[in-house]
Structures are given as C-alpha cells and as structure tokens.
Amino acid sequence: MPQSFDFIVIGGGSAGYAGARTAHAAGAKVAVVDGAAELGGLCILRGCMPSKILIYAAEVLHLAQHGAAFGLEIPTARANLAALQERKRRLVAEFAECRVQQLESGRFELFRQRARFTGPREVTLADGTILTAKHFLVATGSVIARPPVPGLDKITALTSDDVLDLSHAPESVIVLGGGEVGCELAQFLQRIGSKVTLIQRSPHILKEYSPESAVVVEKALRDNGMTVYTGTQIEEISPLPDNGVRVTFTHEGKRHVCEAKALFNALGRQPATKNLGLNFADVALRPDGHIQTDEFQRSTNPAIYAAGDCTGPHEIVHVAIMQGETAARHALGRPTTPVNEAHLVKIVFTDPQVASAGLSEKQLQDRGIPYVTASYPFDDHGKSLLMEAKRGYVKIFAHKPDGRLLGAECVGFDASELIHAPAVALPLNATVHDLLRAHWYHPTLSEIWTYPLEECAEALAK
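Since this is a predicted model, take the numbers as computed values, not measurements. (Residues numbered from 1 in each chain as written. Predicted model: local features only at pLDDT ≥ 70, side-chain atom pairs only at ≥ 80, totals over all residues. Heavy atoms only, no water.)

Visitor: Explain the layout of surface pockets to me, using residue names and the numbers behind them.
Guide: Here the second largest pocket defines a volume of roughly 460 Å³. In terms of lining, the second largest pocket is formed by 18 residues, of which the most central are His62, Asp351, Glu388, Ala389 and Arg391. Per-class residue counts for the lining of the second largest pocket are eight nonpolar, four polar and six charged. (1 Å grid on protein atoms, 1.4 Å probe; cavity = no way out; pocket = protein on both sides within 12 Å on 5 of 7 lines; lining within 4 Å. Points joined across faces, edges and corners; volume = space filled by probe spheres on them. Nonpolar A, V, L, I, M, F, W, Y, C, P; charged D, E, K, R; others polar.)

Dropping the structure here:
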C-alpha cells in the first residue's frame with residue numbers, strides 16, 4: 001500500500017530542508033526523499049562552504065605574500081594543498097553532520113532513495129515503494145552544465161567539484177567562463193600557484209553585474225598576473241599530446257591559440273530535473289530547463305511546488321531557503337508572501353568582492369523609476385587606505401523625491417559584509433535621511449556609505 005503524507009520534499013539541500021522544516025512547524029506530516037550518496041546538498045558539500053574555505057585561505061596567503069606593503073617581513077608564504085584540503089574536509093564534515101542530524105531528527109520520514117513521479121500526486125522510489133501526498137516540493141538543485149562548445153566533449157575538463165578537491169596546483173589552467181564561480185575559482189587557482197588564462201564570451205566578466213563593477217575586478221585579476229580575454233568566440237578545443245589542452249578562439253577580430261596543462265569548465269550549471277518523471281505529473285519546464293513556477297513557487301501542477309536551483313531564477317542559497325519556506329506555507333494554507341526580487345542581495349567572492357542589494361541602475365532605468373544616485377571610491381577613504389584596500393567603490397540609488405533606498409552596489413574589500421547595511425534598510429523602506437541618523441563609527445569600512453548617502457540627500461533637497 002502507498003504511504004501517504006501531507007508534504008513530501010524531494011531533495012534535502014538548503015531549499016528542501018527549509019521547506020520540510022516549515023511544513024513540520026505548521027503541523028504537517030512530512031517526508032524527505034534524498035538518494036544522493038551524501039546528505040547535505042550542494043551548498044555544504046560542493047558549493048558555498050568548501051569554496052569559501054579555500055578562497056579565504058588564498059586571500060590570507062595573498063596578504064602574507066604582500067606583507068611588505070604593511071611594513072612586514074614575511075620571507076616565504078606558499079599554499080600547502082594537503083593541509084588546505086584537510087581543513088576543508090574537516091569543516092565541511094562538521095557542516096554536513098549538522099544537516100544530517102536535522103534530517104534524521106525524527107521530525108520527518110527520511111527516505112534515502114531516488115524518487116520519480118508516476119502520477120500527479122505520487123512518486124515511486126527506486127525500491128518500488130510508492131509515496132503519495134497532498135503536496136510536493138521539488139528541490140533537486142543543479143548539476144554542472146556541458147554546453148555545446150566545439151571540442152569540449154573530447155576533453156577531460158576540470159569542474160568546480162574537481163577544483164575544490166585539487167591535491168596540487170596545475171602548472172597552467174585555461175578557465176572557460178567568467179561568471180561568479182569562474183572568477184572566484186580562477187583567482188583561487190592563480191593565488192595557489194597556477195598560471196591562469198580566463199576566456200569569457202560576453203564583453204565583460206560577471207555579466208549579471210554592472211559593467212562598472214566588472215571593470216574593477218577585471219583590472220584586479222590582470223594586475224595580479226591573470227590573463228583575461230573578454231568578448232571572445234571559441235572556435236575549437238583540442239587535446240595536446242602531453243595531456244594538455246589547446247583552445248582556439250577569436251578576440252577583437254583576431255584569432256588566438258592558448259595552451260595549458262588543464263582546462264576548467266566554468267560555463268555554469270543546469271537544473272537537475274532529469275529522470276524525475278515530471279511529465280507524468282503535468283509539471284512544465286521553462287525553455288531554459290528550469291521548473292516553471294508562479295510567485296508562490298507553485299508549478300503547473302497545483303499540488304507540486306519547486307524551490308532552489310531547479311527553478312531559479314537566482315541560484316543563491318538564501319533565496320532557495322526563502323523559496324522553500326514560501327512553498328511550504330502556501331501549500332499548507334498559511335499566510336505568506338512571495339520572495340521580493342526588489343530586495344535581492346547578490347555577492348561575488350573575488351578580491352575585490354562584488355555585492356549588490358535591491359534594484360540595479362539598469363533595472364531602475366528600464367522600469368522608468370525616478371532616482372538619484374551617488375558613489376564614493378575606496379581609494380579616498382581612511383580605513384580602506386590604511387588596509388591597502390583601495391580598489392572599488394560604493395554606490396547608492398534612492399527614490400526621487402522621497403529618498404527611499406532602492407538599491408546599492410559595493411565593489412571592494414569585504415563588500416560581502418558591507419552590503420548588509422543597505423540590504424537591511426530595503427525591506428524597512430528606510431530613506432537616505434533615516435540611514436544618516438544612524439551612528440557610523442570612525443574609522444570603519446562601513447562608514448564609507450555615509451558619503452553617497454549625504455550626496456543623495458543633498459540632491460533630493462534641491
């Protein structure tokens with residue numbers, strides 16, 4: 001006989017666990033189905049946590065190697081990959097164990113198998129067990145994409161999974177793709193000793209961010225020894241006799257050939273929806289392969305919801321968690337609101353870091369929203385000067401005429417932390433005048449926000 005539940009979650013990562021936890025708190029009978037080799041999800045096992053562990057270590061290494069700028073004599077500083085990996089494995093194991101304990105806490109029925117929809121309200125597990133529910137949440141995440149780049153299928157390319165598990169730094173690496181993951185891990189590879197060439201198709205790296213912020217990061221990467229090509233078209237990827245790789249591409253109307261010992265495929269991820277049997281459940285996909293959902297995360301089958309990377313549009317953990325919570329509350333008839341895209345926070349952990357909150361300048365212009373804006377550079381700010389953190393700027397967008405904060409952008413040291421001042425202000429509908437009433441301690445990096453805030457306030461007063 002089928003086992004019946006109120007709410008079944010497929011996938012025990014960040015979105016799935018958030019949905020299961022929320023449904024349980026609402027009094028529902030909940031099951032979680034996850035057939036992955038390890039419990040934990042992408043963020044903990046192969047994404048956010050392991051990457052930031054290694055990236056931060058590489059940042060410490062970079063600072064040590066440039067100690068002379070601070071009046072420090074540090075004779076040698078180099079990466080010990082074995083020690084780095086051991087620390088990463090230990091920390092990731094701790095994070096994963098916490099998630100396992102949460103999933104095995106008894107609040108949910110946990111099935112460690114793969115599931116496939118065999119009806120609009122039914123899934124069949126790998127062992128033949130049939131589960132039914134009033135509502136489902138699909139939170140299966142994403143997998144590494146292999147786009148149809150000529151010759152890529154003939155090469156054993158590194159993926160982000162491989163880069164995070166390296167036992168030694170490759171002598172040279174060609175990185176295909178200049179998105180968040182590509183830029184973060186390309187810089188990590190360069191800092192641990194690899195000679196890196198990054199090839200990006202669009203006119204700038206980090207195409208989801210402003211061109212102004214991309215230029216700052218591009219210059220930093222080049223200044224630190226990385227070769228960066230943007231506005232390219234790859235013609236062919238081919239293996240070399242010595243197990244290396246050759247990439248032929250056009251750039252600024254000229255044909256280029258680049259060779260390296262390794263190739264890193266950083267061309268993005270795709271939703272993990274294969275073999276879920278979504279067609280048997282009347283769940284439609286968007287043209288890009290993501291599950292089609294409404295503002296409450298409900299798919300084209302009203303009984304089935306989706307959250308996280310498998311539905312997008314932002315493959316960001318905190319958004320996945322919010323989506324999972326929204327789906328569970330809506331499915332169980334509890335009060336809820338959709339994820340507010342106008343408050344979105346995005347971060348890139350390069351050096352300098354890139355962060356944004358709220359609406360971008362392009363979005364404001366496209367929507368015809370009246371605004372005032374002001375920016376201020378890090379190279380004219382006391383704390384950043386004494387930290388030798390001179391790259392970048394902060395920028396504020398405020399509604400005209402009331403001064404309500406609409407968005408903010410930060411490129412610079414610890415932008416990932418600094419962005420949370422405007423990020424908190426956005427849902428509170430705070431104005432630039434409200435923010436200027438706060439105590440901004442001197443000397444701190446955070447007080448740099450006061451300069452564009454004051455300038456916006458002055459513009460609003462005219």
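Visitor: Before we move on, could you go through the pairing of strand β11 (residues 232–239) and cite the residues and values that matter?
Guide: As paired strands, β11 and strand β12 (residues 245–251) are joined by seven bridges and run antiparallel to one another. Each bridged residue has a counterpart across the sheet, and for Ser238 the counterpart in β12 is Arg246. The antiparallel hairpin formed by β11 and β12 contains five residues in its connecting segment, where Asn243 sits at a positive phi of about 75 degrees. (Pairing = 2+ DSSP bridges. Helix = DSSP H or I, 4+ residues; strand = E, 2+ residues; numbered from the N terminus.)

Visitor: Summarise the sheet that holds strand β8 (residues 172–176); cite the residues concerned and give the values.
Guide: On the basis of which strands lie adjacent, the open sheet formed by four strands has the order β10-β9-β8-β14 and parallel pairing. A strand with exactly one partner marks an edge of an open sheet, and here the two such strands are β10 (227–229) and β14 (262–265). When strand polarity is set aside, the average angle formed by the axes of neighbouring strands in this sheet is 15 degrees. Sheet topology places β8 next to strand β9 (residues 195–199); five bridges connect them, and they run parallel. The residue bridging Ser172 from the neighbouring strand is Lys195, located in β9. Across the sheet, helix α6 (residues 180–191) is in contact with β8, β9 and β14; its angle to β9 comes to roughly 165 degrees. (Axes fitted to C-alpha atoms, helices over the stretch in contact; angles between N-to-C directions. Contact = heavy atoms within 4.5 Å.)

Visitor: Quick one: what's the story with the environment of Ile316, residue by residue and with numbers?
Guide: Counting through the fold element by element, Ile316 comes out in the loop between β16 (304–306) and α8 (317–331). Here Ile316 falls in the partly exposed class, since its relative accessible area comes to 23%. Along the chain, Ile316 and Ser14 lie 302 residues apart, while their C-alpha atoms are 9.9 Å from each other. Other than its neighbours up to four places away in sequence, Ile316 contacts Asp309, Leu344, Val345 and Lys346. (Buried < 20%, exposed > 50% of the residue type's maximum accessible area, 1.4 Å probe, protein only.)

Visitor: Quick one: what's the story with the packing of helix α1 (residues 14–25) against α8, residue by residue and with numbers?
Guide: Packing of α1 against α8 leaves a shortest axis separation of 7 Å and a crossing angle of 35 degrees. Note that α1 runs across α8; the crossing there is right-handed. Taking contact as the criterion, the partners of Ser14, Ala15, Ala18, Gly19, Arg21, Thr22 and Ala23 in α1 are, on α8, Val317, Ala320, Ile321, Gly324, Glu325, Ala328 and Arg329. A breakdown of the residues in the contact of α1 with α8 according to their chemical character gives seven nonpolar, four polar and three charged. (Left-handed = near helix turned anticlockwise from the far one by under 90°.)

Visitor: How would you explain the packing of aromatic side chains if you had to name every residue and give the values?
Guide: Counted under the stated rule, the structure contains six aromatic pairs. Ring plane angle 80 degrees and centroid distance 6.3 Å describe the contact between Tyr17 and Phe108, whose orientation is recorded as edge-to-face. On the criterion of sequence distance, the pair formed by Tyr17 in helix α1 and Phe108 in the loop between α4 (81–103) and β3 (109–111) is long-range, its members being 91 residues apart. Between Phe117 and Phe136, the ring centres sit 5.2 Å apart and the planes meet at 65 degrees, which makes this aromatic pair edge-to-face. Within this pair, whereas Phe117 is found in strand β4 (residues 115–119), its partner Phe136 is found in strand β6 (residues 130–138), the two being separated by 19 residues in sequence. Here Phe117 and Phe136 have matching classes, each one buried. (Phe/Tyr/Trp six-rings, centres within 6.5 Å; stacked < 30°, edge-to-face > 60°.)

Visitor: Residues and numbers for the side chain of Gln297, please.
Guide: With respect to the helices, strands and loops of the structure, Gln297 is situated in the loop between β15 (269–271) and β16. Look at Gln297 and you get buried, because its relative accessible area is 6%. When neighbours within four sequence positions are excluded, Gln297 is seen to be in contact with Tyr305, Ala306, Ala307, Thr311, Gln323 and Ala327.

Visitor: Any details on the state of the cysteines? Residues and values, ideally.
Guide: Per the stated rule, a full pass over the model turns up zero disulfides. Among the cysteines around Cys98, which has no disulfide bond, Cys43 carries the closest sulfur, lying 12 Å off. Of all cysteine sulfurs in the structure, the one in Cys43 sits closest to Cys310, which takes part in no disulfide; the separation is 15 Å. (Disulfide = S-S within 2.5 Å.)

Visitor: Could you give an account of the side chain of His251, with specific residues and numbers?
Guide: Positionally, His251 belongs in strand β12. The buried category is assigned to His251, whose relative accessible area is 13%. Filtering out sequence-adjacent residues up to four positions away, His251 remains in contact with Tyr229, Thr230, Gly231, Thr232 and His256.

Visitor: Can you tell me about the pattern of salt bridges, naming the residues and giving the values?
Guide: As enumerated under the stated definition, the model contains 21 salt bridges in all. Of the charged contacts, one joins Lys134 and Asp6 as a salt bridge, the two residues approaching to 3.4 Å between their closest N and O atoms. Taken together, the residues Lys134 in strand β6 and Asp6 in strand β1 (residues 3–10) connect sequence positions 128 residues apart. In this structure, Lys395 and Glu361 form a salt bridge, with 3.0 Å as the shortest nitrogen-oxygen distance. In this pair, Lys395 sits in strand β20 (residues 393–399) while Glu361 sits in helix α9 (residues 361–366), placing the two residues 34 residues apart along the sequence. (Salt bridge = Lys/Arg side-chain N within 4 Å of Asp/Glu carboxyl O.)

Visitor: Account for the sheet that holds strand β21 (residues 405–412), with residues named and values stated.
Guide: Taking strand neighbours across the sheet as the criterion, the five strands line up as β17-β18-β21-β20-β19 in an open arrangement whose pairing is antiparallel. Each of the sheet's edge strands pairs with one partner strand only, and the pair in question is β17 (345–348) and β19 (371–377). Sheet twist, expressed as the average angle between the axes of neighbouring strands with direction ignored, equals 5 degrees. In this sheet, β20 lies alongside β19 in antiparallel orientation, the contact comprising seven bridges.

Visitor: Just give me the short version of a nonpolar patch on the surface, but keep the residues and values in it.
Guide: The grouping of Leu63, Phe70, Leu72 and Ile74 at the surface amounts to a nonpolar patch, some 330 Å² of accessible area in total. Relative to the elements of secondary structure, Leu72 occurs in the loop between α3 (48–65) and α4. (Patch = residues over 30% accessible without salt bridge, like charges linked within 9 Å, V, L, I, M, F, W, Y side chains within 5 Å. Areas by Shrake-Rupley, 256 points an atom, 1.4 Å probe, with all protein chains shown as cover.)

Visitor: Can you tell me about α8, naming the residues and giving the values?
Guide: Given a rise of 1.5 Å per residue, 15 residues ought to cover 21 Å, and the 21 Å separating the end C-alpha atoms of α8 matches this to within 8%. When we look at burial in α8, the residues that qualify are Val319, Ala320, Gln323, Gly324, Glu325, Thr326, Ala327, Ala328 and Ala331. Buried residues along α8 sit in contact with β1, α1, β6 and β16. Backbone geometry just after α8 places Gly333 at a positive phi near 75 degrees. (Expected span 1.5 Å × (residues − 1).)

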